[in-house]
Amino acid sequence: MPRALSADRDLWGRTLSLLLIGFICYALPLSVFAALPASEGDQPVLRIQGSNTIGAKLGPELVKGLFEAQGLHDIRSENGARENEQRLLARQSDRRLIVVEVAAHGSGTGFTSLMDGSADLAASSRPIKDGEAASLAPLGDMHSPQSEQVIAIDGLAIIVHPSNPITALSVEQIAQLFSGEIDDWAALGGKPGKVRPYARDDNSGTYDTFKELVLAPGGRTLAADAQRFESSNQLSDSVSSDPNGIGFIGLPYIRQAKAVAVAAGDSQPMPPSTTLIATEDYPLARRLFIYNDPQLSNPWARALIEFTHSPRGQAIVDSSGFIAQTVQTVKVTADAQMPSDYRQLAQQAQRLSVNFRFQEGSATLDNKAQRDLQRVLDYLKQHDKLQNKVVLVGFGDPKSDPERAELLSKLRAMAVRRELARQGVLFREITGMGSELPVAANDQDNGRIRNRRVEVWVY
């Protein structure tokens, strides 16, 4: 938006634009537009610490977006006191300064900083660990919807040098490459050469996610000679300059490297595509989080969270290279491997870009699903799909009795139906497909949880 010559005209122009955005995009919460306090001297009004994946770009861009929504001007960034730290600055119309500090040293550091009071928000590219939640219990329940905010979806891309002929790997093969069990590319049909793994550092949520999804299922550890990085960009650039290199990285950091397709269990190899990551079907999809004190007394922290969940905030997620949680339709290509009923559905309807998933060991929708209910409802209202246009399809993991697996999968769909029906949605069909069409391996808890899902289709 062009900047006006005077502060008054600047504020007025921004206000008109924001009103238009609110009309088109369901309107942001009013608290986002309320006047927020300025910095005292150059002290920060908000301190965010944690994930490099979030803090390197996405976090600062969301802060800048909030500054614009507040009608601030002279928005800029400057380097912080240390590497991977930034200060975001802006001024109110009366010239008072606003400062937000972002430190990106790894997800674990965010929880430590929440604990010692040196951060207001913890950015994390993995879920909070039970031990961390226990340490933060004096603040409240960090697993609650008030504390745990899913701000974006990301995918761990497995990257190799652009000249590497290998285009797809199974999760098992990836684990063998990074643990050193496979130490020459020729073993997988590639060009002969010693495999050189590149990995994030121990503070990284990206590394924690990789350990959980790839290494831990086979009881493996990272090869001792793996090169380690705090910076995602540096890791990616190192792989793209090493013909024998292999690394893992968040989706926006592929840069000049080549991402391979990934297969888990009986699933087909899947590229890290927008649709497969949005539905969390891609084997190495993950959620990006902000954690906060559930009381959330800092008004800037509250405003940033509200802004991040808004349509404008999710647009910034998308433009930053991550996957927004905005609901869209996806055309699924029918193929002979699909069950006949599902194939017919793919031929006649479109799938929404969201899957509903559940809390571990529970029939209760998880925190992301709770927010997705409103997103799906908004989509259905906007596109006149409330009456007999929606099909819910439940899936699950195998059971000794296939009929029980089918029943459980349908019960999951019924749990979603119950929530949406309260808001006036009338459904065309509710069905369960048991353990059909797995998206992850069923021999590990994480895979079974991923397979327990509900898809939404619209006619």
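Computed from a predicted model, the values in this text were never measured in an experiment.

## A short note on the overall build of the chain
Part 1 of the argument: The helix and strand inventory of the chain stands at 15 helices and 18 strands.
Part 2 of the argument: Scaling as 2.2 N^0.38, a compact globule of 459 residues should have a C-alpha radius of gyration of about 23 Å, and the chain matches this with 23 Å.
Part 3 of the argument: Dimensions of the chain, computed from the C-alpha atoms along their principal axes, are close to 65 × 60 × 45 Å.
Part 4 of the argument: In the chain, which comprises 459 residues, the proportion classed as buried is 53%.
Part 5 of the argument: Taking all contacts inside the chain whose residues are at least 6 apart in sequence as the whole, residues at least 24 apart take part in 70%.
Part 6 of the argument: When the accessible surface of the chain is summed, it comes to about 19900 Å², and 48% of that surface belongs to carbon and sulfur atoms.
Part 7 of the argument: Of the charged side chains in the chain, 49 are positive and 54 negative; the average position of the first set lies 4 Å away from that of the second.

## Section: the UniProt feature "domain: OmpA-like" (unreviewed entry) in the chain
Part 1 of the argument: Following the UniProt record, the feature "domain: OmpA-like" (unreviewed entry) maps to residues 345-459 here.
Part 2 of the argument: Annotated as 41% helix and 26% strand, the span residues 345-459 places its first and last C-alpha atoms 9 Å apart.

## Some details on the pattern of salt bridges
Part 1 of the argument: Within the structure shown, the criterion is met by 32 salt bridges.
Part 2 of the argument: Across the pair arginine 357 and glutamate 280 runs a salt bridge whose closest N-O atoms are separated by 3.8 Å. In this pair, arginine 357 is assigned in strand 15 (residues 350-357) and glutamate 280 in the loop between helix 9 (274-278) and strand 13 (285-292), connecting sequence segments 77 residues apart.
Part 3 of the argument: For glutamate 280, a relative accessible area of 7% puts it in the buried group.

## Quick word on the environment of serine 170
Part 1 of the argument: As for its position among the elements, serine 170 is in strand 7 (residues 168-170).
Part 2 of the argument: By relative accessible area, serine 170 is classed as partly exposed at 23%.
Part 3 of the argument: Residues serine 170 and aspartate 266 lie 96 residues apart in sequence; the distance between their C-alpha atoms is 10.0 Å.

## What about helix 7 (residues 205-215)?
Part 1 of the argument: Counting buried positions along helix 7 yields nine of 11 residues, so the element is predominantly enclosed.
Part 2 of the argument: Of the residues making up helix 7, those classed as buried are Gly205, Thr206, Tyr207, Asp208, Thr209, Phe210, Leu213, Val214 and Leu215.
Part 3 of the argument: Here helix 7 starts with a cap whose side-chain oxygen sits 3.0 Å from the backbone nitrogen of threonine 206, and that cap is serine 204.

## Let's talk about the packing of helix 3 (residues 52-69) against helix 10 (residues 299-309)
Part 1 of the argument: Put simply, helix 3 and helix 10 touch, their axes get as near as 10 Å, and they point 100 degrees apart. The angle between helix 3 and helix 10 places the two elements in the roughly perpendicular class. For the pair helix 3 and helix 10, the contacting residues are Leu62, Val63, Gly65, Leu66, Phe67 and Ala69 in the first and Trp300, Ala303, Leu304, Phe307 and Thr308 in the second.
Part 2 of the argument: Class assignment for the residues of the contact of helix 3 with helix 10 results in nine nonpolar, two polar and no charged.

## Let's talk about the sheet that holds strand 18 (residues 453-458)
Part 1 of the argument: Judged by pairing direction, the sheet is mixed, and its five strands sit side by side in the order 14-15-18-16-17 without closing on themselves. Two strands in the sheet have a free side with no partner beyond their single neighbour: strand 14 (329-330) and strand 17 (426-432).
Part 2 of the argument: For strand 16 (residues 387-395) and strand 17, the ladder comprises six bridges, and the chain directions are parallel. Across the sheet, residue valine 390 finds its bridge partner in strand 17, namely phenylalanine 427.

## Side note on a nonpolar patch on the surface
Part 1 of the argument: Where nonpolar side chains cluster on the molecular surface, the patch consists of Leu407, Leu411 and Met414 and spans about 270 Å² of accessible area.
Part 2 of the argument: Position of leucine 407 relative to the elements: it lies in helix 14 (residues 402-421).

## Describing the side chain of lysine 385
Part 1 of the argument: Looking at where lysine 385 falls in the secondary structure, it is placed in the loop between helix 13 (367-382) and strand 16.
Part 2 of the argument: Despite its burial, lysine 385 remains without a salt bridge, the nearest opposite charge being carried by aspartate 384 at 7.9 Å.
Part 3 of the argument: Within polar-contact distance, the side chain of lysine 385 engages the backbone oxygen of tyrosine 459 at 2.5 Å.
Part 4 of the argument: Once you skip the residues sitting within four places of it in the chain, lysine 385 turns out to touch Leu380, Val390, Val458 and Tyr459.

## Description of helix 3
Part 1 of the argument: The end-to-end C-alpha distance of helix 3 is 25 Å, a good match for the 26 Å that 18 residues give at a rise of 1.5 Å each.
Part 2 of the argument: Counting buried positions along helix 3 yields 13 of 18 residues, so the element is predominantly enclosed.
Part 3 of the argument: By the N-cap criterion, in which a side-chain oxygen at the helix start approaches the backbone nitrogen of a residue two or three places on, helix 3 is capped by serine 51, the distance to threonine 53 being 3.0 Å.
Part 4 of the argument: Positive backbone phi, approximately 75 degrees, marks glycine 71, located one or two places after helix 3.

## So, the packing of aromatic side chains
Part 1 of the argument: In the structure shown here, the tally under the stated rule is 10 aromatic pairs.
Part 2 of the argument: With a centroid separation of 6.0 Å and an interplanar angle of 90 degrees, the aromatic rings of phenylalanine 67 and tryptophan 300 are classed as edge-to-face. Here phenylalanine 67 is found in helix 3, whereas its partner tryptophan 300 is found in helix 10, with 233 residues between them in sequence.
Part 3 of the argument: Classification of phenylalanine 67 by relative accessible area gives buried; the value is 0%.
Part 4 of the argument: With relative accessibility at 2%, the residue tryptophan 300 sits in the buried group.
Part 5 of the argument: Measuring from ring centre to ring centre gives 5.4 Å for tyrosine 342 and tryptophan 457, while their planes differ by 85 degrees; the resulting arrangement is edge-to-face. Linking tyrosine 342 in helix 12 (residues 340-348) with tryptophan 457 in strand 18, this pair joins segments that are 115 residues apart in sequence.
Part 6 of the argument: Given a relative accessible area of 0%, tryptophan 457 falls into the buried group.
Part 7 of the argument: Each member of the aromatic cluster is reached from another via a ring pair, and the members are Phe178, Tyr207, Phe210 and Phe248.

## Some words on the pairing of strand 4 (residues 97-103)
Part 1 of the argument: Of all seven residues making up strand 4, six are buried, and the element is well covered by its neighbours.
Part 2 of the argument: Bridge analysis of strand 1 (residues 46-50) against strand 4 gives four bridges, and the strand direction is parallel. Bridged to isoleucine 48 within strand 4 is valine 102.
Part 3 of the argument: Two strands pair when backbone bridges link them, and strand 3 (residues 85-91) and strand 4 are joined in this way by seven bridges, in the antiparallel orientation. What sits directly across from leucine 89, in strand 4, is valine 99.
Part 4 of the argument: The antiparallel pairing of strand 3 with strand 4 creates a hairpin that spans five residues between the two strands, and arginine 95 there sits at a positive phi of about 75 degrees.

Definitions and limits used
Residues numbered from 1 in each chain as written. Predicted model: local features only at pLDDT ≥ 70, side-chain atom pairs only at ≥ 80, totals over all residues. Heavy atoms only, no water. Helix = DSSP H or I, 4+ residues; strand = E, 2+ residues; numbered from the N terminus. Rg over C-alpha atoms; globule rule 2.2 N^0.38 Å. Buried < 20%, exposed > 50% of the residue type's maximum accessible area, 1.4 Å probe, protein only. Contact = heavy atoms within 4.5 Å. Areas by Shrake-Rupley, 256 points an atom, 1.4 Å probe, with all protein chains shown as cover. Lys, Arg positive; Asp, Glu negative; His and termini not counted. Charge placed at Lys NZ, Arg CZ, Asp CG, Glu CD. UniProt positions renumbered as here; feature names shortened; annotations may be inferred. Salt bridge = Lys/Arg side-chain N within 4 Å of Asp/Glu carboxyl O. Polar contact = N/O pair within 3.5 Å; in protein donor to acceptor, adjacent residues only side chain to side chain. Axes fitted to C-alpha atoms, helices over the stretch in contact; angles between N-to-C directions. Parallel < 35°, antiparallel > 145°, perpendicular 65-115°, else oblique. Nonpolar A, V, L, I, M, F, W, Y, C, P; charged D, E, K, R; others polar. Pairing = 2+ DSSP bridges. Patch = residues over 30% accessible without salt bridge, like charges linked within 9 Å, V, L, I, M, F, W, Y side chains within 5 Å. Expected span 1.5 Å × (residues − 1). Phe/Tyr/Trp six-rings, centres within 6.5 Å; stacked < 30°, edge-to-face > 60°.

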